[in-house]
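Here is what each chain is made of, one letter per residue.
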Amino acid sequence: MNVQSQVLSKKPGNQALNQVLEGLANDSIEVVDLTQVLNEDTPVIQLPEPFVNTSSFKSTQISKYDATGPVCYWNDLTLGEHCGTHFDAPNHWISGKENDSVDKIPAKRLIGEVRVINIKAKSEENPDYCLTVEDIREYEAEYGEIPKDSWVLLYTGWSEYVNGDKFFNIDENGLSHTPGFTPEASKLLVERDILGVGVETVGTDAGIAHTFNPPFPSHHFMHEANKYGLAQLTNLDKLPPKGAILIAAPLKIEHGSGSPMRAIALV
(Lines give C-alpha, C1' and ligand atoms only; values in the text may rest on other atoms or scores of the structure.)
Protein backbone atom coordinates (compact mmCIF):
# COMPACT_ATOMS: atom_id res chain seq x y z
CA MET A 1 0.00 0.00 0.00
CA ASN A 2 1.47 3.38 -0.99
CA VAL A 3 1.56 6.47 1.24
CA GLN A 4 -1.52 8.03 -0.36
CA SER A 5 -3.51 4.87 0.20
CA GLN A 6 -2.35 4.63 3.82
CA VAL A 7 -3.52 8.17 4.50
CA LEU A 8 -6.86 7.67 2.80
CA SER A 9 -7.50 4.34 4.49
CA LYS A 10 -7.40 6.07 7.89
CA LYS A 11 -10.18 8.48 6.97
CA PRO A 12 -13.81 7.33 7.25
CA GLY A 13 -15.68 7.25 3.95
CA ASN A 14 -12.57 7.13 1.76
CA GLN A 15 -12.64 3.42 0.97
CA ALA A 16 -13.82 4.06 -2.59
CA LEU A 17 -10.98 6.50 -3.28
CA ASN A 18 -8.55 4.07 -1.71
CA GLN A 19 -9.74 1.33 -4.04
CA VAL A 20 -9.23 3.60 -7.05
CA LEU A 21 -5.68 4.46 -5.97
CA GLU A 22 -4.90 0.80 -5.40
CA GLY A 23 -6.39 -0.08 -8.79
CA LEU A 24 -4.24 2.53 -10.53
CA ALA A 25 -1.15 1.34 -8.66
CA ASN A 26 -1.61 -2.36 -9.47
CA ASP A 27 -2.99 -1.78 -13.00
CA SER A 28 -6.32 -3.41 -12.28
CA ILE A 29 -7.71 -0.06 -13.43
CA GLU A 30 -6.44 0.84 -16.89
CA VAL A 31 -6.10 4.48 -17.94
CA VAL A 32 -7.04 4.94 -21.61
CA ASP A 33 -6.16 8.19 -23.36
CA LEU A 34 -8.96 9.10 -25.77
CA THR A 35 -7.14 12.19 -27.07
CA GLN A 36 -5.59 12.75 -30.48
CA VAL A 37 -2.14 14.39 -30.63
CA LEU A 38 -2.51 18.13 -31.28
CA ASN A 39 -0.12 19.54 -33.87
CA GLU A 40 -0.05 21.54 -37.09
CA ASP A 41 -1.32 18.52 -39.04
CA THR A 42 -4.44 18.20 -36.86
CA PRO A 43 -7.51 18.31 -39.14
CA VAL A 44 -10.08 21.04 -38.41
CA ILE A 45 -13.52 21.45 -39.88
CA GLN A 46 -13.70 23.43 -43.11
CA LEU A 47 -16.94 25.32 -43.75
CA PRO A 48 -18.03 26.65 -47.15
CA GLU A 49 -18.27 30.36 -47.88
CA PRO A 50 -19.57 32.69 -46.52
CA PHE A 51 -18.82 30.98 -43.18
CA VAL A 52 -15.56 31.85 -41.43
CA ASN A 53 -13.38 28.89 -40.46
CA THR A 54 -11.74 28.30 -37.12
CA SER A 55 -7.97 28.53 -36.72
CA SER A 56 -5.79 25.48 -37.09
CA PHE A 57 -3.16 24.66 -34.49
CA LYS A 58 0.07 26.65 -34.65
CA SER A 59 2.97 26.60 -32.19
CA THR A 60 5.56 29.40 -32.12
CA GLN A 61 8.68 28.82 -30.04
CA ILE A 62 9.51 31.51 -27.48
CA SER A 63 12.70 29.98 -26.16
CA LYS A 64 14.45 26.65 -25.77
CA TYR A 65 17.38 26.90 -23.38
CA ASP A 66 18.93 29.61 -25.54
CA ALA A 67 19.64 33.35 -25.45
CA THR A 68 15.93 34.22 -25.35
CA GLY A 69 15.39 31.94 -22.35
CA PRO A 70 18.46 30.03 -21.16
CA VAL A 71 16.66 28.02 -18.48
CA CYS A 72 13.32 27.25 -20.10
CA TYR A 73 11.49 25.91 -23.13
CA TRP A 74 8.02 27.24 -23.98
CA ASN A 75 5.77 28.18 -26.89
CA ASP A 76 2.95 30.48 -27.90
CA LEU A 77 -0.09 28.66 -29.26
CA THR A 78 -2.69 29.72 -31.80
CA LEU A 79 -5.75 27.50 -32.21
CA GLY A 80 -9.52 27.53 -32.31
CA GLU A 81 -11.75 26.42 -29.46
CA HIS A 82 -12.94 23.51 -31.62
CA CYS A 83 -9.57 22.20 -32.76
CA GLY A 84 -8.44 18.60 -32.38
CA THR A 85 -9.96 16.49 -29.62
CA HIS A 86 -12.34 19.05 -28.19
CA PHE A 87 -15.35 19.83 -26.02
CA ASP A 88 -18.51 21.54 -27.33
CA ALA A 89 -20.27 23.64 -24.69
CA PRO A 90 -24.04 24.19 -25.02
CA ASN A 91 -23.65 27.86 -26.06
CA HIS A 92 -21.72 26.67 -29.14
CA TRP A 93 -25.02 26.23 -31.02
CA ILE A 94 -27.89 28.63 -31.59
CA SER A 95 -30.36 26.25 -29.93
CA GLY A 96 -28.29 26.47 -26.74
CA LYS A 97 -27.20 30.10 -26.93
CA GLU A 98 -28.72 30.88 -23.52
CA ASN A 99 -27.17 27.79 -21.93
CA ASP A 100 -23.78 27.18 -20.32
CA SER A 101 -20.48 28.42 -21.67
CA VAL A 102 -17.53 26.16 -20.99
CA ASP A 103 -16.51 28.07 -17.83
CA LYS A 104 -20.00 27.70 -16.33
CA ILE A 105 -20.11 23.91 -16.53
CA PRO A 106 -19.79 22.36 -13.05
CA ALA A 107 -16.63 20.25 -12.84
CA LYS A 108 -18.73 17.36 -11.52
CA ARG A 109 -20.48 17.16 -14.89
CA LEU A 110 -17.23 16.52 -16.73
CA ILE A 111 -17.06 13.01 -15.21
CA GLY A 112 -19.45 10.15 -15.85
CA GLU A 113 -19.97 6.53 -16.80
CA VAL A 114 -19.25 5.69 -20.43
CA ARG A 115 -21.62 3.84 -22.72
CA VAL A 116 -20.05 2.89 -26.07
CA ILE A 117 -22.31 2.05 -29.01
CA ASN A 118 -20.49 0.21 -31.80
CA ILE A 119 -21.56 1.02 -35.37
CA LYS A 120 -18.14 0.46 -36.93
CA ALA A 121 -19.24 -2.27 -39.34
CA LYS A 122 -22.24 -0.23 -40.48
CA SER A 123 -20.04 2.86 -40.95
CA GLU A 124 -17.52 0.90 -42.99
CA GLU A 125 -20.31 -0.33 -45.27
CA ASN A 126 -21.97 3.10 -45.47
CA PRO A 127 -19.93 6.17 -44.43
CA ASP A 128 -23.18 8.19 -44.20
CA TYR A 129 -24.58 5.80 -41.59
CA CYS A 130 -26.26 7.50 -38.64
CA LEU A 131 -27.16 5.97 -35.30
CA THR A 132 -30.85 5.07 -35.15
CA VAL A 133 -33.36 4.56 -32.37
CA GLU A 134 -33.29 0.85 -33.26
CA ASP A 135 -29.51 0.79 -32.70
CA ILE A 136 -30.02 2.30 -29.24
CA ARG A 137 -32.80 -0.16 -28.41
CA GLU A 138 -30.61 -3.10 -29.48
CA TYR A 139 -27.76 -1.80 -27.34
CA GLU A 140 -30.04 -1.36 -24.34
CA ALA A 141 -31.52 -4.83 -24.76
CA GLU A 142 -28.02 -6.25 -24.27
CA TYR A 143 -26.44 -3.80 -21.81
CA GLY A 144 -29.36 -2.16 -20.01
CA GLU A 145 -30.94 1.25 -20.40
CA ILE A 146 -28.48 4.09 -20.87
CA PRO A 147 -28.35 5.78 -17.45
CA LYS A 148 -28.82 9.42 -16.56
CA ASP A 149 -25.61 11.49 -16.42
CA SER A 150 -23.60 9.13 -18.61
CA TRP A 151 -21.49 9.82 -21.68
CA VAL A 152 -22.59 8.06 -24.88
CA LEU A 153 -19.69 7.51 -27.28
CA LEU A 154 -20.21 6.45 -30.88
CA TYR A 155 -17.56 3.95 -32.01
CA THR A 156 -17.21 4.13 -35.79
CA GLY A 157 -13.50 3.42 -36.26
CA TRP A 158 -13.16 6.85 -37.86
CA SER A 159 -10.12 7.80 -35.76
CA GLU A 160 -8.12 5.39 -37.94
CA TYR A 161 -8.46 7.89 -40.79
CA VAL A 162 -7.37 11.04 -38.93
CA ASN A 163 -4.19 11.50 -40.99
CA GLY A 164 -5.73 10.82 -44.39
CA ASP A 165 -8.27 12.10 -46.90
CA LYS A 166 -10.91 9.64 -45.69
CA PHE A 167 -11.25 11.53 -42.40
CA PHE A 168 -13.35 14.20 -44.16
CA ASN A 169 -14.28 11.83 -47.02
CA ILE A 170 -15.11 14.60 -49.49
CA ASP A 171 -16.80 13.57 -52.73
CA GLU A 172 -16.50 15.14 -56.18
CA ASN A 173 -19.26 17.62 -55.29
CA GLY A 174 -17.44 18.84 -52.19
CA LEU A 175 -19.76 17.02 -49.76
CA SER A 176 -18.45 15.17 -46.70
CA HIS A 177 -19.53 11.61 -45.93
CA THR A 178 -18.95 10.68 -42.29
CA PRO A 179 -21.19 8.92 -39.72
CA GLY A 180 -23.25 10.52 -36.98
CA PHE A 181 -26.72 10.55 -35.38
CA THR A 182 -30.25 10.60 -36.75
CA PRO A 183 -32.52 13.30 -35.30
CA GLU A 184 -34.63 10.62 -33.63
CA ALA A 185 -31.60 9.03 -31.94
CA SER A 186 -30.44 12.43 -30.64
CA LYS A 187 -33.91 13.09 -29.21
CA LEU A 188 -33.94 9.72 -27.44
CA LEU A 189 -30.50 10.31 -25.92
CA VAL A 190 -31.69 13.68 -24.60
CA GLU A 191 -34.68 11.88 -23.07
CA ARG A 192 -32.22 9.55 -21.33
CA ASP A 193 -30.79 12.73 -19.70
CA ILE A 194 -27.18 11.89 -20.53
CA LEU A 195 -24.26 14.28 -20.05
CA GLY A 196 -23.51 14.34 -23.76
CA VAL A 197 -22.19 12.43 -26.73
CA GLY A 198 -18.72 11.77 -28.12
CA VAL A 199 -17.49 10.85 -31.60
CA GLU A 200 -14.29 10.10 -33.49
CA THR A 201 -15.20 12.40 -36.40
CA VAL A 202 -14.40 16.11 -36.71
CA GLY A 203 -17.76 17.07 -35.17
CA THR A 204 -20.70 15.42 -33.44
CA ASP A 205 -22.90 15.41 -36.54
CA ALA A 206 -22.71 13.39 -39.74
CA GLY A 207 -21.23 14.87 -42.89
CA ILE A 208 -24.71 14.95 -44.47
CA ALA A 209 -26.40 16.37 -41.34
CA HIS A 210 -27.09 19.69 -43.06
CA THR A 211 -29.83 17.85 -44.99
CA PHE A 212 -31.65 16.68 -41.83
CA ASN A 213 -34.61 18.27 -40.06
CA PRO A 214 -33.47 20.05 -38.04
CA PRO A 215 -30.02 20.45 -39.61
CA PHE A 216 -27.16 19.12 -37.45
CA PRO A 217 -29.50 17.36 -35.00
CA SER A 218 -26.84 16.26 -32.52
CA HIS A 219 -25.74 19.87 -32.04
CA HIS A 220 -29.33 21.11 -32.06
CA PHE A 221 -30.89 18.73 -29.54
CA MET A 222 -27.89 18.21 -27.25
CA HIS A 223 -27.04 21.87 -26.80
CA GLU A 224 -30.69 22.90 -26.59
CA ALA A 225 -30.92 20.58 -23.56
CA ASN A 226 -27.70 22.03 -22.03
CA LYS A 227 -25.73 18.90 -22.85
CA TYR A 228 -22.25 18.50 -24.26
CA GLY A 229 -20.35 17.20 -27.26
CA LEU A 230 -16.92 15.56 -27.52
CA ALA A 231 -15.25 15.33 -30.92
CA GLN A 232 -12.19 13.72 -32.52
CA LEU A 233 -11.80 11.04 -29.86
CA THR A 234 -9.59 8.01 -30.33
CA ASN A 235 -8.99 4.58 -28.76
CA LEU A 236 -12.70 3.88 -28.35
CA ASP A 237 -11.92 0.28 -29.30
CA LYS A 238 -10.15 -0.02 -25.93
CA LEU A 239 -13.36 0.70 -23.98
CA PRO A 240 -16.01 -1.82 -22.94
CA PRO A 241 -19.64 -1.23 -24.00
CA LYS A 242 -20.45 -0.17 -20.42
CA GLY A 243 -18.81 0.45 -17.07
CA ALA A 244 -15.81 2.69 -17.81
CA ILE A 245 -15.52 6.20 -16.38
CA LEU A 246 -14.76 9.21 -18.59
CA ILE A 247 -13.11 12.45 -17.48
CA ALA A 248 -13.49 15.12 -20.20
CA ALA A 249 -11.52 18.18 -19.09
CA PRO A 250 -11.74 21.34 -21.24
CA LEU A 251 -9.92 24.58 -20.50
CA LYS A 252 -11.98 26.96 -18.34
CA ILE A 253 -12.28 29.71 -20.97
CA GLU A 254 -14.49 32.61 -19.93
CA HIS A 255 -17.60 32.71 -22.15
CA GLY A 256 -15.98 29.93 -24.21
CA SER A 257 -18.05 27.90 -26.68
CA GLY A 258 -15.71 24.96 -26.24
CA SER A 259 -12.11 23.98 -25.79
CA PRO A 260 -9.44 21.50 -26.77
CA MET A 261 -9.35 18.89 -24.02
CA ARG A 262 -7.64 15.82 -22.61
CA ALA A 263 -10.18 12.99 -22.50
CA ILE A 264 -9.24 10.12 -20.18
CA ALA A 265 -11.12 6.92 -19.43
CA LEU A 266 -10.74 4.60 -16.44
CA VAL A 267 -11.45 0.99 -17.38
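Residues numbered from 1 in each chain as written. Predicted model: local features only at pLDDT ≥ 70, side-chain atom pairs only at ≥ 80, totals over all residues. Heavy atoms only, no water.

## Observations regarding the pattern of salt bridges
Point 1. Taken as a whole and judged by the stated rule, the model has nine salt bridges.
Point 2. In this structure, the salt-bridge partner of Asp33 is Arg262, at a minimum N-O distance of 2.8 Å. Remark: Arg262 occurs in strand E12 (residues 258–266) and Asp33 occurs in strand E1 (residues 31–33); sequence separation between them is 229 residues.
Point 3. On the basis of relative accessible area, Arg262 is assigned to the partly exposed category, the value being 49%.
Point 4. Each of the salt bridges in this network shares a partner with another, and the network as a whole consists of Arg109, Lys148, Asp149, Asp193 and Lys227. (Salt bridge = Lys/Arg side-chain N within 4 Å of Asp/Glu carboxyl O. Helix = DSSP H or I, 4+ residues; strand = E, 2+ residues; numbered from the N terminus. Buried < 20%, exposed > 50% of the residue type's maximum accessible area, 1.4 Å probe, protein only.)

## Some points on the pairing of strand E10 (residues 228–231)
Point 1. Side chains Tyr228 and Leu230 of E10 all project onto a buried face; the interleaved residues Gly229 and Ala231 project onto the opposite face, where all are buried too.
Point 2. In the sheet, strand E4 (residues 86–88) pairs with E10 via three bridges, with the strands oriented antiparallel. Bridge pairing in E10 places Asp88 opposite Gly229.
Point 3. Direction of pairing for strand E9 (residues 196–198) relative to E10: parallel, over a ladder of three bridges. (Pairing = 2+ DSSP bridges.)

## Some points on unusual backbone geometry
Point 1. Looking along the chain, the bond that leaves Glu49 and enters Pro50 is cis, with omega of 10 degrees.
Point 2. Relative to the helices and strands, Pro50 resides in the loop between E1 and strand E2 (58–66).
Point 3. Even without a glycine there, the phi angle at His255 is positive, about 60 degrees.
Point 4. A relative accessible area of 60% places His255 in the exposed class.

## Some words on the packing of aromatic side chains
Point 1. Taken as a whole, this structure holds eight aromatic pairs when the rule is applied.
Point 2. Ring centres of Tyr65 and Tyr73 lie 6.3 Å apart, and the angle between their planes is 55 degrees; on these two criteria the pair is classed as tilted.
Point 3. Taking 6.5 Å as the distance between ring centres and 80 degrees as the angle between the ring planes, the aromatic pair formed by Phe87 and Trp151 counts as edge-to-face. With Phe87 in strand E4 and Trp151 in strand E7 (residues 150–155), the pair connects residues that are 64 residues apart, well separated along the chain.
Point 4. The class of Phe87 is buried, set by a relative accessible area of 0%.
Point 5. Each residue in the set Phe87, Trp151 and Tyr228 is aromatic and connected to the rest through ring pairs, giving one cluster. (Phe/Tyr/Trp six-rings, centres within 6.5 Å; stacked < 30°, edge-to-face > 60°.)

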